[in-house]
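# Structural characterization, general
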Amino acid sequence: MSDFDYDLFVIGAGSGGVRAARTAAATGARVAVAEDRYLGGTCVNVGCVPKKLYSYAAHFHDAFEDARGFGWSLTEAPRFDWATLRDNKVREIKRLNEIYGRLLDNAGVELIHGRARVVDAHRVEVDGRAFSAAKILVAVGGWPWVPDFPGRELTVTSNEVFDLERMPRRFLVLGGGYIAVEFASIFNGLGSESHLVYRGELFLRGFDREVREFTREQMALKGVNLHFETNIESIEKTEGGLLVTLTNGESLEVDTVLAATGRKPHLEGVGLDALGIALNPDGTVKVNDRFETSTPSILALGDVTGGPELTPVALAEAMHLVSQHFGEAPPKPMDYRNIATAVFCHPNIGTVGLSEEQARKEYDAIRVYRTDFRPMKHTLSGSEERCLMKLIVDDASDVVVGAHMVGEEAGELIQGIAIAVKAGLTKADFDATVGIHPTAAEEFVTMRTLSRH
């Protein structure tokens, strides 16, 4: 490796790229990272972190309402200031960017500012400067994609929605994935008239069907206007805002349209096409268990490879990659089973393992335990919000193969349950666990009544 400038050259300083760079440097490897935008990637700058901050802000709307039932009275109606939230977010993200810079510096990783382009199996160029490396890692993540329709240029994406100049009084989001349902809830909570438009019959495809239906009911109860089995036909600018015409003939006038219609690998200008690097049918980079592309010295991980588009997955992949290429005892291939995830709509969704539909395909027989209830908090708050919890059990082994929740702090709760599911614990293990009372969480260890086979 001494014949090269670096042992590892990383393209992209997002979560996966930074983790791989730091971890590789800790083994003694000479590492550089090239980034042309911002440190921390999508998650830190225009993804998980600001989204969660905005979700916190939106939850205060419910908190103010709930407080009355507990004896709190507000002398005047609460007022929300968009600029305060936006500008405080900007300061926090800047702080995180600086932390990422220090982490790289302290690890001995060289940071190169600019868009890197792969020249051949061992060379890259950044703004005219050439570098050589034994291994090149492509960790450039994804980029928002907007479908083609008249007026598409009038939409914003998740890259811009956090920094709108003004709070939209009327907000519409197009899409049915994580981003769409989260922002429909966020802007509804912040006080906007909120609409979600999705071409399918129900959002969050791939999640447990009952979870999706329950979330639809709860979001509608909170005031989100849901428009299923329709799409945007066109958008026109008017004196009052934006006129959105739907394919079902309906028209809506709003102030902002967020296109949350998916992300594609951010490969433009990276140079993989010139090298003939193999891609998957969906345009993501094809890699093997060692994260090697069709040119073995060029590696790839994270969203660009088409796996679960989750920050913790990219971090785990980075650790596996470094162990395999720079460690003494390479681990087994990364296990993508039972990866927990959360959707920060209102109420939150937390899930790990198989949906009921997936379990029925995978196992000869299953048992389903479920409960939905009005949380104790809302017996005084007056809110009609309900909570759903659900366990999927393989009947033959008694192993819990799926756990799902829709309710307050579902993500926080499911993280603990995920350990049990990952460990392969049985329903008997859950039943033998003494619950913490009074909590919603105890329902996961007190569900005894079989809902259905």
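- As annotated in an unreviewed UniProt entry, the chain is Glutathione-disulfide reductase from Billgrantia desiderata.
- Heading Subunit (unreviewed entry) of the UniProt record for the chain holds this comment: "Homodimer."
- Quoted straight from UniProt, the Sequence similarities (unreviewed entry) entry for the chain says "Belongs to the class-I pyridine nucleotide-disulfide oxidoreductase family."

## Quick word on unusual backbone geometry
- The omega torsion of the bond from H346 to P347 falls at 0 degrees, within 30 degrees of zero and hence cis.
- Structurally, P347 is set in the loop between β17 (341-343) and β18 (349-353).
- The linkage connecting H437 with the following residue, P438, adopts the cis geometry, with an omega of -5 degrees.
- The topology assignment puts P438 in the loop between α12 (427-432) and α13 (443-446).
- Phi at N338 takes a positive value of approximately 55 degrees, unusual for a residue other than glycine.
- Assignment of secondary structure puts N338 in the loop between α8 (311-326) and β17.
- Here E409, not a glycine, exhibits a phi torsion of approximately 60 degrees, which is positive.
- Relative to the elements of secondary structure, E409 occurs in the loop between β21 (400-406) and α11 (410-422).
- For E409, a relative accessible area of 40% translates into the label partly exposed.

## With respect to the pattern of salt bridges
- This structure, assessed with the given rule, holds 34 salt bridges.
- Of the charged contacts, one joins D87 and R86 as a salt bridge, the two residues approaching to 3.0 Å between their closest N and O atoms.
- For E385, the salt bridge goes to K222, with nearest N and O atoms at 2.7 Å. Here E385 is found in the loop between α10 (378-381) and β20 (387-394), whereas its partner K222 is found in the loop between α6 (209-221) and β10 (225-228), with 163 residues between them in sequence.
- Overlapping salt bridges bring together D208, E210, E356, R360, R370, D372, R386, K390 and R452 as one network.

## A few points about α11
- Taking 1.5 Å per residue as the helical rise, α11 with its 13 residues ought to reach 18 Å, and the 17 Å between its terminal C-alpha atoms agrees with that figure.
- Among the residues of α11, those classed as buried are A410, L413, I414, I417, A418, A420 and V421.
- Buried residues along α11 sit against β18, β20, β21, α12 and α13.
- Following α11 by one or two positions, G424 adopts a phi angle in the positive range, close to 75 degrees.

## Focus: the packing of aromatic side chains
- In total, this model carries 12 aromatic pairs according to the counting rule given.
- Taken together, a centroid distance of 4.1 Å and an interplanar angle of 20 degrees make the contact between F171 and F187 stacked. Remark: F187 occurs in helix α5 (residues 178-190) and F171 occurs in strand β8 (residues 170-174); sequence separation between them is 16 residues.
- Using a relative accessible area of 0% as the deciding quantity, one classes F171 as buried.
- Through a chain of ring-to-ring contacts, the aromatic side chains of Y54, W82, F162, F171, F183 and F187 assemble into a single cluster.
- Across the ring face of Y369, the terminal group of K427 is positioned such that the distance to the ring centre comes to 4.3 Å.

## Here we look at α6
- With 13 residues, α6 ought to run about 18 Å at 1.5 Å a step, and its terminal C-alpha atoms sit 19 Å apart, in line with that.
- Among all positions in α6, only E210, V211, R212, F214, T215, Q218 and M219 are buried.
- Near the N-terminus of α6, the side chain that reaches the backbone nitrogen of E210, with its oxygen 2.9 Å away, is that of D208.
- G223, located one to two residues past α6, shows a positive phi value of around 110 degrees.

## Looking at the packing of helix α1 (residues 15-26) against helix α4 (residues 82-107)
- Between α1 and α4, whose axes approach to 9 Å, the crossing angle comes to 20 degrees. Classified by the angle their axes make, α1 and α4 are roughly parallel. Viewed along their axes, α1 and α4 form a crossing whose handedness is left-handed. Along the contact surface, α1 presents S15, V18, A21, R22 and A25, while α4 presents Y100, L103, L104 and A107.
- Tallied by class, residues from the contact of α1 with α4 come to 7 nonpolar, 1 polar and 1 charged.

## Here's the deal with the UniProt feature "binding site: FAD" (unreviewed entry) in the chain
- What UniProt calls "binding site: FAD" (unreviewed entry) maps, in this numbering, to K52 and D303.
- Residue placement: K52 occurs in helix α3 (residues 48-67).
- Excluding anything up to four places from it in sequence, K52 contacts F344 and E412.
- Filtering out sequence-adjacent residues up to four positions away, D303 remains in contact with G141, G142, T284, P308, E309 and L310.

## Remarks on a nonpolar patch on the surface
- Together, F60, F64 and L74 line one region of the surface with nonpolar side chains, adding up to about 280 Å² of accessible area.
- Mapped onto the secondary structure, F64 falls in helix α3.
- Accessibility expressed as a relative area gives 34% for F64, which makes it partly exposed.

What counts, and at which threshold
- Residues numbered from 1 in each chain as written.
- Predicted model: local features only at pLDDT ≥ 70, side-chain atom pairs only at ≥ 80, totals over all residues.
- Heavy atoms only, no water.
- UniProt positions renumbered as here; feature names shortened; annotations may be inferred.
- Helix = DSSP H or I, 4+ residues; strand = E, 2+ residues; numbered from the N terminus.
- Buried < 20%, exposed > 50% of the residue type's maximum accessible area, 1.4 Å probe, protein only.
- Salt bridge = Lys/Arg side-chain N within 4 Å of Asp/Glu carboxyl O.
- Expected span 1.5 Å × (residues − 1).
- Contact = heavy atoms within 4.5 Å.
- Phe/Tyr/Trp six-rings, centres within 6.5 Å; stacked < 30°, edge-to-face > 60°.
- Lys NZ or Arg CZ within 6 Å of the ring centre and 35° of its normal.
- Polar contact = N/O pair within 3.5 Å; in protein donor to acceptor, adjacent residues only side chain to side chain.
- Axes fitted to C-alpha atoms, helices over the stretch in contact; angles between N-to-C directions.
- Parallel < 35°, antiparallel > 145°, perpendicular 65-115°, else oblique.
- Left-handed = near helix turned anticlockwise from the far one by under 90°.
- Nonpolar A, V, L, I, M, F, W, Y, C, P; charged D, E, K, R; others polar.
- Patch = residues over 30% accessible without salt bridge, like charges linked within 9 Å, V, L, I, M, F, W, Y side chains within 5 Å.
- Areas by Shrake-Rupley, 256 points an atom, 1.4 Å probe, with all protein chains shown as cover.

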